[in-house]
Amino acid sequence: MSVLKVTDSVECYRQAALSAHVRMLAGRGGDDVSTEFANARILEALEPTQSDVLLDIGCGDGCLLRMAEGRVGRSVGVVPTVEEKSKLLASYPSLTVLVGLAQKLPVDSDSASLIVCNSVLLLLKSEENVLAALSEIVRVARPGAKIWLGEIPSVDEYPYFKNYRGTSVMGLLWHQLTNRGFYTFLSTGKQVCRSLLGKETLVLSAGEIYYETPEKFMGLAQKCGMQPKAHFKYVRKDRRGNLIESPFRHNYVFTR
């Protein structure tokens, strides 16, 4: 049976790098529309110029780096695994991609004027890890740098969205049946069967997420040396072009 049981999101992304298409690295289920919309909003907020050096921490499928080409002087992406870097460069060899964690960035101090860390901090699980990442972001930021920290939930989203959190196949099936309905249960059952036949890998994660209220999160960022400029609800675009506001996630803009 090909089942990967993880408690660390890094391993989930390492597995995503083995998928057929690089867009799976974005963590949005291959939804190009949502990914491009999110990155367009980031660039609009940061107002890049040719004098800027852009650092994208957790750069996913490289979408933001590619959209910023010609708009910044230099751009660098960071991913947590060698597998992701290899996948990215195989598709987009012109990108500059480094391997490292948000808590220990492989980047020189005072080197970036635009810093993006979108849909990453929530995966760090604890306030301790988030504080380490925020301190690293401040370290690599130039004085006056603009910093985007995005998609940070104010509550634990898993119960609200009825997402399964665990590493038991039977637990997953029971959860889908009792929380998502019979058709979702059948679809998940087919996925389990494909994994039994070795046709795909079923990834089961028991990982927690980090969440914090906007007031406390901005306080933590200020403690690390950032100055808040704006915060607002995360909005995504679906494949039909509808804009959907998240009930819990917020985006933040800071300066150093």
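Here we summarise the structure given alongside this text. (Residues numbered from 1 in each chain as written. Predicted model: local features only at pLDDT ≥ 70, side-chain atom pairs only at ≥ 80, totals over all residues. Heavy atoms only, no water.)

## Remarks on the environment of Arg66
Spelled out, the test is: Put simply, DSSP H or I for four residues or longer makes a helix, DSSP E for two residues or longer makes a strand, and each gets a number counted from the N terminus. Three exposure classes are used, based on accessible area relative to the maximum for each residue type with a 1.4 Å probe and protein chains only: buried under 20%, partly exposed in between, and exposed over 50%. It only takes one pair of heavy atoms within 4.5 Å for two residues to be counted as in contact.
With respect to the helices and strands, the residue Arg66 is situated in helix 3 (residues 63–67). By relative accessible area, Arg66 is classed as partly exposed at 28%. For the pair Arg66 and Met226, spaced 160 residues apart in the sequence, the C-alpha separation amounts to 27 Å. When near neighbours in sequence (up to four residues on either side) are disregarded, Arg66 contacts Asp61, Tyr92 and Leu95.

## What to know about the pairing of strand 6 (residues 141–153)
Rules: Two strands are said to pair when DSSP picks up at least two bridges between them. Seen with its strands pointing away from the viewer, a crossover is right-handed when the path leading from the first strand over the helix to the second is clockwise.
The sheet contact formed by strand 5 (residues 112–118) and strand 6 spans six bridges and is parallel. If you follow Leu114 over to strand 6, its bridge partner there is Lys146. Each parallel crossover has a hand, and for strand 5 linked through helix 5 (residues 127–140) to strand 6 it is right-handed. The pairing of strand 6 with strand 9 (residues 243–255) spans six bridges and is antiparallel. Its bridge partner lying in strand 9, Ile147 is registered against Phe254.

## Concerning the packing of helix 5 against helix 9 (residues 214–224)
For the record, the criterion: Between the N-to-C directions of two axes lies an angle of 0 to 180 degrees, each axis being a line fitted to C-alpha atoms and, for a helix, fitted only over the stretch in contact. Here is the rule for angles: anything less than 35 degrees is roughly parallel, anything more than 145 is roughly antiparallel, 65 through 115 is roughly perpendicular, and the remaining ranges are oblique. Should the near helix be turned anticlockwise from the far one by less than a right angle, the crossing is left-handed, and should it be turned clockwise, the crossing is right-handed. Polar here means any residue other than Ala, Val, Leu, Ile, Met, Phe, Trp, Tyr, Cys and Pro, which are nonpolar, and Asp, Glu, Lys and Arg, which are charged; Gly is therefore polar.
Where helix 5 contacts helix 9, the two axes come as close as 9 Å, and the packing angle between them is 50°. As judged from the angle between their axes, helix 5 and helix 9 are oblique. Crossing handedness for the pair helix 5 and helix 9: right-handed. Of helix 9, the residues touching helix 5 (which contributes Glu127, Val130, Leu131, Leu134, Ser135 and Val138) are Lys216, Phe217, Leu220, Ala221 and Cys224. Tallied by class, residues from the contact of helix 5 with helix 9 come to eight nonpolar, one polar and two charged.

## With respect to empty space enclosed by the protein
To be explicit about the condition: Within this scheme a cavity is a closed region of a 1 Å grid, computed over the protein atoms alone, that accommodates a 1.4 Å probe without allowing it to escape, whereas a pocket is open but has protein on both sides within 12 Å along at least five of seven lines; lining residues each have an atom within 4 Å of a point. Grid points are joined across faces, edges and corners, and a volume is the space filled by probe spheres set on the points.
Taken as a whole, this structure holds one cavity of 30 Å³ or more when the rule is applied. If you add up the space inside the largest cavity, you get close to 40 Å³. Every residue lining the largest cavity is listed: Ala38, Arg41, Ile42, Asn118, Trp148, Glu151, Tyr234, Val235 and Asn251. Of all the secondary-structure elements, those providing two or more residues to the lining of the largest cavity are helix 2 (32–46), strand 6 and strand 8 (227–237). Counting residues per element, the lining of the largest cavity draws most heavily on helix 2, which supplies three residues.

## Thoughts on the packing of aromatic side chains
Keep this limit in mind: Note on ring pairs: Phe, Tyr and Trp rings are taken, using the six-membered ring of Trp, and paired if centres are within 6.5 Å. Classes follow the plane angle, with under 30 degrees stacked, over 60 edge-to-face and the rest tilted. Two conditions define a charge located above a ring, namely a distance within 6 Å from the ring centre to NZ of Lys or CZ of Arg, and an angle within 35 degrees of the ring normal.
As enumerated under the stated definition, the model contains nine aromatic pairs in all. Ring centres 6.2 Å apart and planes at 35° place the aromatic pair Phe182 and Phe185 in the tilted group. Here Phe182 and its partner Phe185 are both found in helix 8 (residues 182–196), three residues apart, which amounts to about one turn of the helix. Members of the aromatic cluster, joined through ring pairs, are Tyr160, Phe161 and Phe248. The ring centre of Tyr92 lies 4.1 Å from the NZ or CZ of Arg66, which sits over that ring.

## Quick notes on the nonpolar core
Condition: Definition used in this section: a nonpolar core is a set of buried Ala, Val, Leu, Ile, Met, Phe, Trp, Tyr and Cys residues joined via side-chain atoms within 4.5 Å.
Judged by nonpolar contacts, the single largest core of 34 residues is most densely connected at Leu55, Leu134, Leu149 and Phe217. When contributions to this core are tallied by element, the ones reaching two or more residues are strand 2 (53–57), strand 3 (74–79), strand 5, helix 5, strand 6, helix 9 and strand 9. Every residue in contact with Leu149, bar those within four places of it in the chain, is listed here: Cys117, Leu121, Leu134, Ile137, Phe217, Met226, His250, Asn251, Tyr252 and Phe254. If you look at the next biggest cluster of nonpolar residues, it comprises 21 residues, including Leu54, Leu64, Val72 and Leu114.

## Details of the pattern of salt bridges
Formally: A carboxyl oxygen of Asp or Glu within 4 Å of a side-chain nitrogen of Lys or Arg is what we treat as a salt bridge.
Overall, the coordinates contain 15 salt bridges when judged by the stated rule. The partner of Arg139 in a salt bridge is Glu136, with the nearest N and O atoms 2.7 Å apart. You can see Arg139 and its partner Glu136 sitting in helix 5, three residues apart, about one turn around the helix. Close ionic contact of Arg165 with Asp156 constitutes a salt bridge, the shortest N to O distance being 3.2 Å. Several salt bridges share partner residues, and in doing so they unite Arg28, Glu151, Glu157 and Arg249 into one network.

## Digging into the layout of surface pockets
Taken as a whole, the second largest pocket spans an internal volume of roughly 560 Å³. As for the second largest pocket, its lining consists of 35 residues, and the residues nearest its centre are Ile57, Gly58, Ser119, Val120 and Leu123. Of all the elements in the fold, those that place two or more residues in the lining of the second largest pocket are helix 1 (9–16), helix 2, strand 2, helix 3, strand 3 and strand 5. For the lining of the second largest pocket, the element with the highest residue contribution is helix 2, accounting for four residues. Across the lining of the second largest pocket, the residue classes break down as 19 nonpolar, 10 polar and six charged.

Read these as spatial facts, not as claims about activity.
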